[in-house]
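A closer look at the structure
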Amino acid sequence: MESILEIIKDTKEGEEYLTFNYLLPAHSKVLANQIKYAVEQEVPGIKIFLTEPVHPRKNTTLTISGVKEHLLLTKSKLPKIVGEVSLK
């Protein structure tokens with residue numbers, strides 16, 4: 001337990017991983033995969049996870065994970081990326 005607390009205490013601000021979660025309609029799985037690929041290509045260091053809905057849930061969860069700097073960059077670029085992917 002002490003080693004875990006030591007790691008947490010020694011982690012510098014900006015090195016911590018954060019996440020943004022978005023709910024997408026389940027029928028947009030292909031679009032979600034295209035967004036995932038485009039964002040991961042555009043912003044190195046970002047990882048995206050797609051979680052399929054399980055009854056009674058009806059939405060796919062898009063989770064974007066990374067350090068704060070990369071997340072803020074992703075958030076600013078996301079509308080442009082979604083627009084480009086939607087037009088394909």
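The structure contained in this document is the topic of the report that follows. Just so it is clear, the model here is predicted, and its values are computed rather than measured.

Of the consecutive residues His55 and Pro56, the connecting peptide bond is found in the cis state with omega at 15°. Structurally, the position occupied by Pro56 is in the loop between β2 (47–51) and β3 (59–67).

On to the nonpolar core. One finds Ile35, Val39, Ile46, Ile48, Leu62, Ile64 and Leu78 to be the most contacted residues of the largest nonpolar core, which totals 13 residues. Counting only elements with at least two residues in this core, the list comes to α2 (29–42), β3 and α3 (68–87). The element best represented in this core is α3, accounting for four residues. Excluding residues within four positions of it along the chain, Ile46 makes contact with Val39, Glu40, Ile64, Ser65, Gly66, His70, Leu71 and Thr74.

This part covers the packing of α2 against α3. Helix-helix packing is characterised by the crossing angle of the two axes and by the distance between the axes. Contact geometry of α2 with α3 gives a least axis separation of 10 Å together with a crossing angle of 130°. Judged by the angle between their axes, α2 and α3 are oblique. When the axes of α2 and α3 are compared, the crossing they make is right-handed. For the pair α2 and α3, the contacting residues are Leu31, Gln34, Ile35, Ala38, Val39 and Glu42 in the first and Thr74, Lys77, Leu78, Ile81, Val82, Val85 and Ser86 in the second. Partitioned by chemical class, the residues of the contact of α2 with α3 number eight nonpolar, three polar and two charged.

To continue, consider the pattern of salt bridges. In this structure the tally under the stated criterion is four salt bridges. Ionic pairing is found between Lys47 and Glu40, a salt bridge with its closest N-O pair at 3.9 Å. The salt bridge involving Lys77 is made with Glu42; its shortest N-O contact spans 3.2 Å. Of the two residues, Lys77 sits in helix α3 while Glu42 sits in helix α2, which places them 35 residues apart along the sequence.

The rules behind each value
Residues numbered from 1 in each chain as written. Predicted model: local features only at pLDDT ≥ 70, side-chain atom pairs only at ≥ 80, totals over all residues. Heavy atoms only, no water. Helix = DSSP H or I, 4+ residues; strand = E, 2+ residues; numbered from the N terminus. Core = buried A, V, L, I, M, F, W, Y, C linked by side-chain atoms within 4.5 Å. Buried < 20%, exposed > 50% of the residue type's maximum accessible area, 1.4 Å probe, protein only. Contact = heavy atoms within 4.5 Å. Axes fitted to C-alpha atoms, helices over the stretch in contact; angles between N-to-C directions. Parallel < 35°, antiparallel > 145°, perpendicular 65-115°, else oblique. Left-handed = near helix turned anticlockwise from the far one by under 90°. Nonpolar A, V, L, I, M, F, W, Y, C, P; charged D, E, K, R; others polar. Salt bridge = Lys/Arg side-chain N within 4 Å of Asp/Glu carboxyl O.

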